[in-house]
Amino acid sequence: MSDKGLLLEIQNENDRWMDDYKKGDAAAVGSHYTEDAISLPPHTEAVIGRGAITDFWKEAMDSGAAGLNIRTKEVESTGETAYEIGETDLTGDDGTVIDSFHYMVVWKRAGGNWLIHREIWNSSLKR
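Remember, predicted model here, so these are calculated numbers, not experimental data.

1. Some thoughts on helix 3 (residues 50–62)
- Between its first and last C-alpha, helix 3 extends 18 Å over 13 residues, near the 18 Å set by a 1.5 Å rise per residue.
- All of the buried residues along helix 3 are Ile53, Thr54, Trp57, Ala60 and Met61. The buried residues of helix 3 occupy an angular sector of 120 degrees when the element is viewed end-on, so they sit on one face. What points out from helix 3, more than 90 degrees from its buried face, is the exposed set Glu59 and Asp62.
- Tucked into the core, helix 3 has its buried residues touching helix 1 (4–22), helix 2 (26–30), strand 1 (33–40), strand 2 (47–48), strand 3 (65–78) and strand 6 (113–123).
- Following helix 3 by one or two positions, Gly64 adopts a phi angle in the positive range, close to 105 degrees.

2. A word on the sheet that holds strand 3
- Ordered by their spatial adjacency, six strands build an open sheet running 2-1-6-5-4-3, and the pairing between neighbours is mixed. The open sheet has two edge strands, strand 2 and strand 3, and neither has a second partner.
- Both strand 4 (residues 81–92) and strand 5 (residues 97–110) contribute to a ladder of 11 bridges, which runs antiparallel. If you follow Thr88 over to strand 5, its bridge partner there is Phe101.
- Across the sheet, helix 1 lies against strand 1, strand 3, strand 4, strand 5 and strand 6, angled at about 160 degrees from strand 3, the strand it touches most.
- Against the sheet, helix 3 makes contact with strand 1, strand 2, strand 3 and strand 6, and its axis sits at roughly 55 degrees relative to strand 1, the strand it touches most.

Conventions we followed
- Residues numbered from 1 in each chain as written.
- Predicted model: local features only at pLDDT ≥ 70, side-chain atom pairs only at ≥ 80, totals over all residues.
- Heavy atoms only, no water.
- Helix = DSSP H or I, 4+ residues; strand = E, 2+ residues; numbered from the N terminus.
- Expected span 1.5 Å × (residues − 1).
- Buried < 20%, exposed > 50% of the residue type's maximum accessible area, 1.4 Å probe, protein only.
- Arc of directions from axis to C-beta.
- Contact = heavy atoms within 4.5 Å.
- Pairing = 2+ DSSP bridges.
- Axes fitted to C-alpha atoms, helices over the stretch in contact; angles between N-to-C directions.

Shown next as structure tokens:
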């Protein structure tokens, strides 16, 4: 069960992330991650560090992936660390869904903000 205040904080962080992505601002998207963040996208190697993650999202933006629709399902915390489970759709320029994913994010509080520290997602589309 999610704490309502924490849930709202994480949803607000996700809203900022989505806004930065939709603007095509990879540097701003990267700023939502800790310096030593690790991202585990499907069908590729781990992406390690804020810089590499920023580059990863820039490539996604350049490929025509216009946005993500993040839907938080559950959030729990233990002090300065929280985890989130949810679903997201990756959309193209015309709004069509390119892929859908289930995800888990580990957040760390740094400087009063929640930052993404670890993330993993898997396609939920049947192939």
